[in-house]
Amino acid sequence: MTILSSGEAIGRLRADRDILLARVDGLTEEQLGSEYLVDSRPLGDFCRSLHDLVAHVLMWDEINLSVLAEAAAGREHWSLDPRWEDPAVGRSLNIGGVEAGRHLSPALLLHRFGAVHDAILDDLGRVGEEAWEGVGALAQRVWTVPGNPAYWHAAIHLGAVPPTGS
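Please read these numbers as outputs of a predicted model, since none were measured by experiment. Counting from 1, residues in each chain are numbered in the order their sequence is written. For a predicted model such as this one, the threshold for reporting local features is a pLDDT of at least 70, and the threshold for listing and counting side-chain atom pairs is 80 or more; totals across whole chains, interfaces and linings nevertheless cover every residue. Processing note: side-chain calculations cover all non-hydrogen atoms of the structure and skip hydrogens and water entirely.

Draft legend 1. Structural context of the pattern of salt bridges. Here a salt bridge means any side-chain nitrogen of Lys or Arg lying within 4 Å of a carboxyl oxygen belonging to Asp or Glu. Tallied over the entire structure, the rule returns 9 salt bridges. The partner of Asp122 in a salt bridge is Arg126, with the nearest N and O atoms 3.2 Å apart. Residues Arg126 and Asp123 are paired through a salt bridge, measuring 2.6 Å at the closest nitrogen-oxygen approach. Only protein chains enter the calculation, and the probe is 1.4 Å; a residue is then buried if its accessible area is under 20% of its type maximum, exposed if over 50%, and partly exposed in between. Taking the relative accessible area as the measure of exposure, Arg126 reaches 58% and is therefore exposed. By relative accessible area, Asp123 is classed as partly exposed at 28%.

Structure follows, in structure tokens:
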């Protein structure tokens, strides 16, 4: 597997979240909570609205941000344990994350989404080229949906991954 450069990784993460934000921009609270069919692969069939999709992507961004923080402290994050690789376990985690997001107003959910996204871009942007090989490998592992190009998540569920994957 080829590890993308930090610039490519950051560019894809920014573009992926921009695709989602463009879909929700200007929508009312009612519209965000309205039925919205997202691509259910992988394990996305629990998302019933754009609000749910924001909560789902946010949950994984928060987990993955913690993965990087734990790695920087010399520890392995719980989500990297093989027990979490089981599809049934992943599905339960996804359902719980979306359900938790349903208890937040869209304004608060989007604020949290933006703060986490900014933190990710900041953390990845501070990694020097000499350290990128290790950090980049870990980041690419956790921000890659199996069977899909690296760093795309919201775009996969929205059917909007660019044809080249970059």
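Draft legend 2. Representation of helix H6 (residues 129-142) within the structure. Over its 14 residues, H6 extends 19 Å from the first C-alpha to the last, a length consistent with the 20 Å expected when each residue adds 1.5 Å. A helix here means a DSSP run of H or I that spans at least four residues, while a strand means a run of E at least two residues long, and both kinds are numbered starting from the N terminus. Restricting attention to buried positions, one finds in H6 the residues Trp132, Gly136, Leu138, Ala139, Gln140 and Val142. Between two residues, a contact is recorded if the distance between any of their heavy atoms is within 4.5 Å. Buried positions along H6 lie against helix H1 (6-24), helix H3 (50-72) and helix H5 (106-125). Expected span of a helix, by definition, is 1.5 Å for each gap between consecutive residues, and there is one gap fewer than residues.

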